[in-house]
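Commentary on secondary and tertiary structure
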Amino acid sequence: MDNRNPYTLEAAEANLAQLLATDLDDKQQYDTYTTDDMYTWSTVFSNLYHRAWPGRAHPEFLNGIDRLRLMYHVPKVSALSKRLKELVGCQLYFVEGHTDPTTYLLSIARNYFPVTVWLRKPVQIGYIEEPDMVHEVLGHAVMLSNKLYFEHHRRIARVFIDIMAEEPMHKVELLAEWIARFYWRTIEFGLTRNDSGQILVYGVGILSSAEETIRSVEEGAQHVYLPDDPHEACRMLIEEPYELDESGNYTGMGGMRTYYVVNGFHHFHTMVNALKSVVTEKLAQAEPVPAGE
Ligand SMILES: [Fe+2]
C-alpha cells in the first residue's frame with residue numbers, strides 16, 4: 001500500500017470499477033510464463049515451504065497454503081480467486097504496481113483484493129524491492145483464506161473508508177498515514193506469540209521472504225512486545241514514524257526493521273476492534289484546517 005497519494009472516495013470508486021472490469025485471465029496470460037518463470041516459482045516455493053516456514057510461520061498460515069492448494073507451479077490467479085470466494089467471499093482483481101491507498105482500502109472493504117501477475121526474475125529469487133506475485137499469493141492470499149483474519153483485515157479498511165468521507169483532506173492524509181502504519185506493522189510485518197511464548201510470523205511481507213522469515217524470529221532481531229491494552233497497542237503502532245534505512249528510504253521488503261509482537265491472534269483482533277476509536281480520538285485532537293485550505 002502506497003500512503004503518499006490519498007485519493008478522494010469518488011475517484012477511488014471510478015478507479016476500482018475500471019479495475020474490476022479487467023479479466024484476470026486476459027492479464028495473466030498463463031501460457032506466456034517461461035521455463036525461467038516456472039523455475040523461479042518452484043525455487044521460491046520450495047525454499048519457503050521446506051526451509052523458512054517450518055517452525056516459524058503461524059500454523060494458520062500453513063493451513064492456508066493447504067486450503068488454497070498452493071504448490072510448486074505458478075498458480076492461475078482466476079482459479080485462486082474462485083477458491084477464495086468459496087472459502088471467505090473474497091475475490092482477486094488485477095493491478096499493475098502500487099495502488100493508491102483509497103482504492104486499495106475501498107476494494108478490501110468491498111471483499112476484493114488486488115494482485116499483480118508480475119513474477120521476479122531468477123536473479124531476484126532471494127530479494128525484490130517491489131511486491132510481486134509471490135508476495136501477493138504466498139503472503140496475502142494465503143492469510144485471507146482464514147475467515148476470521150479476512151474479517152479483521154476488512155475492518156481495518158472499513159475504518160479508513162468510513163471516516164474519510166467525513167473529514168477534510170489534510171485529516172484524510174493523517175488518517176491514511178496512521179492506517180498505513182498499523183497495516184504495515186501487523187498485516188505486513190507482524191509477529192505473534194503462541195501460548196508457550198514462542199514467536200511466530202503472521203506478517204505476509206515477512207512470510208513471502210525466506211531470509212526475512214528466518215531472521216525475524218532469530219535471537220538478536222529487534223522485537224517490541226505490544227501492550228495488552230488494545231488502545232495503547234494501537235497508539236504505539238500508529239504514532240511511531242517509519243524506520244528509514246541508511247539511505248533515508250523506507251525499509252522495504254527484506255529490510256531490517258523493528259518487529260511488533262502481538263500476544264496471539266485474539267490480541268490482534270482486539271486491536272483492530274479498537275482502531276476506529278483510537279484514530280477518531282486522535283483526529284479530533286489534530287490541528288484544525290490549516291490556513292489556505
Ligand atoms: Fe503487501
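Refer to the structure printed above.
Please read all numbers here as calculations on a predicted model, not as lab measurements.

Points about the coordination of the iron ion
Around a metal, the perfect tetrahedron of four donors has angles of 109.5 degrees, and the perfect octahedron of six donors has angles of 90 or 180 degrees. Surrounding the iron ion are the protein donor atoms His135 (NE2), His140 (NE2) and Glu188 (OE), at 2.0 to 2.2 Å. Sequence spacing of the donor residues for the iron ion, all on one chain, is H-x4-H-x47-E. Of this pair, His135 sits in helix 7 (residues 133-144) while Glu188 sits in helix 9 (residues 169-188), and the two are 53 residues apart along the sequence.

Points about the side chain of Thr192
Mapped onto the secondary structure, Thr192 falls in strand 3 (residues 191-193). Within the local environment of Thr192, its side chain forms a polar contact with the backbone nitrogen of Gly264, the two atoms lying 3.1 Å apart. Contact partners of Thr192, with chain neighbours within four places excluded, come to His58, Gln198, Ile199, Leu200, Tyr202, Val261, Val262, Asn263, Gly264 and Phe265.

As for the pattern of salt bridges
This structure, assessed with the given rule, holds 12 salt bridges. The residue Arg67 makes a salt bridge to Glu60 at a minimum N-O spacing of 2.8 Å. The partner of Arg181 in a salt bridge is Glu177, and the shortest N-O contact between them spans 3.1 Å. With Arg181 and Glu177 both in helix 9, this residue pair falls 4 residues apart, about one helical turn. By relative accessible area, which is 12% here, Arg181 ends up buried.

Notes on the packing of helix 8 (residues 147-164) against helix 13 (residues 265-285)
When two helices pack together, their arrangement is captured by the angle between the axes and the distance separating the axes. Contact geometry for helix 8 and helix 13: axes closest at 9 Å, N-to-C directions at 5°. On the basis of the axis angle, helix 8 is roughly parallel to helix 13. Residues Leu148, Tyr149, His152, Arg155, Ile156, Val159, Asp162 and Ile163 of helix 8 touch helix 13, and the partners they reach there are Phe268, His269, Val272, Asn273, Leu275, Lys276, Val279, Thr280 and Leu283. Looking at the contact of helix 8 with helix 13 residue by residue, the classes come out as 10 nonpolar, 4 polar and 3 charged.

Here's the deal with the nonpolar core
Formed by 90 residues in total, the largest nonpolar core has its most connected members in Trp53, Phe182 and Phe268. Those residues in contact with Phe182, other than ones at most four positions away along the chain, are Ile156, Cys234, Leu237, Ile238, Phe268, Met271, Val272 and Leu275.

Points about the side chain of His267
Along the chain, His267 falls in helix 13. Judged by its relative accessible area of 3%, His267 falls in the buried class.

Remarks on unusual backbone geometry
The phi torsion of most residues other than glycine is negative, and most of the peptide bonds are trans. With phi around 45°, Gln29 is a residue other than glycine that occupies positive phi space. By secondary structure assignment, the location of Gln29 is in the loop between helix 2 (24-28) and helix 3 (35-52).

Notes on the packing of aromatic side chains
In this description, an aromatic ring pair is defined by two values, namely the gap between the centres and the angle between the planes. The tally for this structure, following the rule as stated, stands at 14 aromatic pairs. When the ring of Phe265 is compared with that of Phe268, the centres are 6.4 Å apart and the planes differ by 50°; the resulting orientation is tilted. Remark: Phe268 and Phe265 occur in helix 13; sequence separation between them is 3 residues, near one turn of the helix. Ring pairing ties together the aromatic residues Phe45, Tyr49, Trp53, Phe61 and Tyr72, which thus form one cluster.

Considering the pairing of strand 6 (residues 258-262)
Here is the key point about a regular strand: its side chains alternate between the two faces of the sheet. In terms of burial, strand 6 is a largely internal element, 5 of the 5 residues being buried. Burial of the side chains of strand 6 extends over both faces: Thr258, Tyr260 and Val262 are buried on one face and Tyr259 and Val261 on the other. Summarising the sheet, strand 3 and strand 6 pair through 2 bridges and their orientation is parallel. Counted as the bridge partner of Thr192 is Val262 from strand 6. By the bridge criterion, 4 bridges tie strand 5 (residues 222-225) to strand 6 in an arrangement that is parallel. Across the sheet, the residue bridging to His223 is Tyr259, located in strand 6.

Focus: the pairing of strand 2 (residues 112-115)
Alignment of strand 1 (residues 91-94) against strand 2, held across 4 bridges, turns out to be parallel. Residue pairing in the sheet places Leu92 in a bridge with Phe113 of strand 2. Handedness of the β-α-β unit built from strand 1, helix 6 (residues 101-109) and strand 2 comes out right-handed.

Topic: the sheet that holds strand 6
Across the sheet, which stays open at both edges, the 4 strands sit in the order 4-3-6-5 with mixed pairing between neighbours. Each edge of the open sheet carries a strand with a single partner, namely strand 4 (199-201) and strand 5. Between one strand axis and the next, the sheet turns through 35° on average, direction left out of account. Relative to strand 4, strand 3 is paired through 3 bridges, and the arrangement is antiparallel. Across the sheet, the residue bridging to Arg193 is Ile199, located in strand 4. Across the face of the sheet, helix 11 (residues 210-217) comes into contact with strand 3, strand 4, strand 5 and strand 6 while running at roughly 160° to strand 4.

Cut-offs used in this document
Residues numbered from 1 in each chain as written. Predicted model: local features only at pLDDT ≥ 70, side-chain atom pairs only at ≥ 80, totals over all residues. Heavy atoms only, no water. Donors = N, O, S within 2.8 Å, 3.2 Å for Na, K, Ca; no water. Helix = DSSP H or I, 4+ residues; strand = E, 2+ residues; numbered from the N terminus. Polar contact = N/O pair within 3.5 Å; in protein donor to acceptor, adjacent residues only side chain to side chain. Contact = heavy atoms within 4.5 Å. Salt bridge = Lys/Arg side-chain N within 4 Å of Asp/Glu carboxyl O. Buried < 20%, exposed > 50% of the residue type's maximum accessible area, 1.4 Å probe, protein only. Axes fitted to C-alpha atoms, helices over the stretch in contact; angles between N-to-C directions. Parallel < 35°, antiparallel > 145°, perpendicular 65-115°, else oblique. Nonpolar A, V, L, I, M, F, W, Y, C, P; charged D, E, K, R; others polar. Core = buried A, V, L, I, M, F, W, Y, C linked by side-chain atoms within 4.5 Å. Phe/Tyr/Trp six-rings, centres within 6.5 Å; stacked < 30°, edge-to-face > 60°. Pairing = 2+ DSSP bridges. Right-handed = clockwise from strand over helix to strand, strands pointing away.

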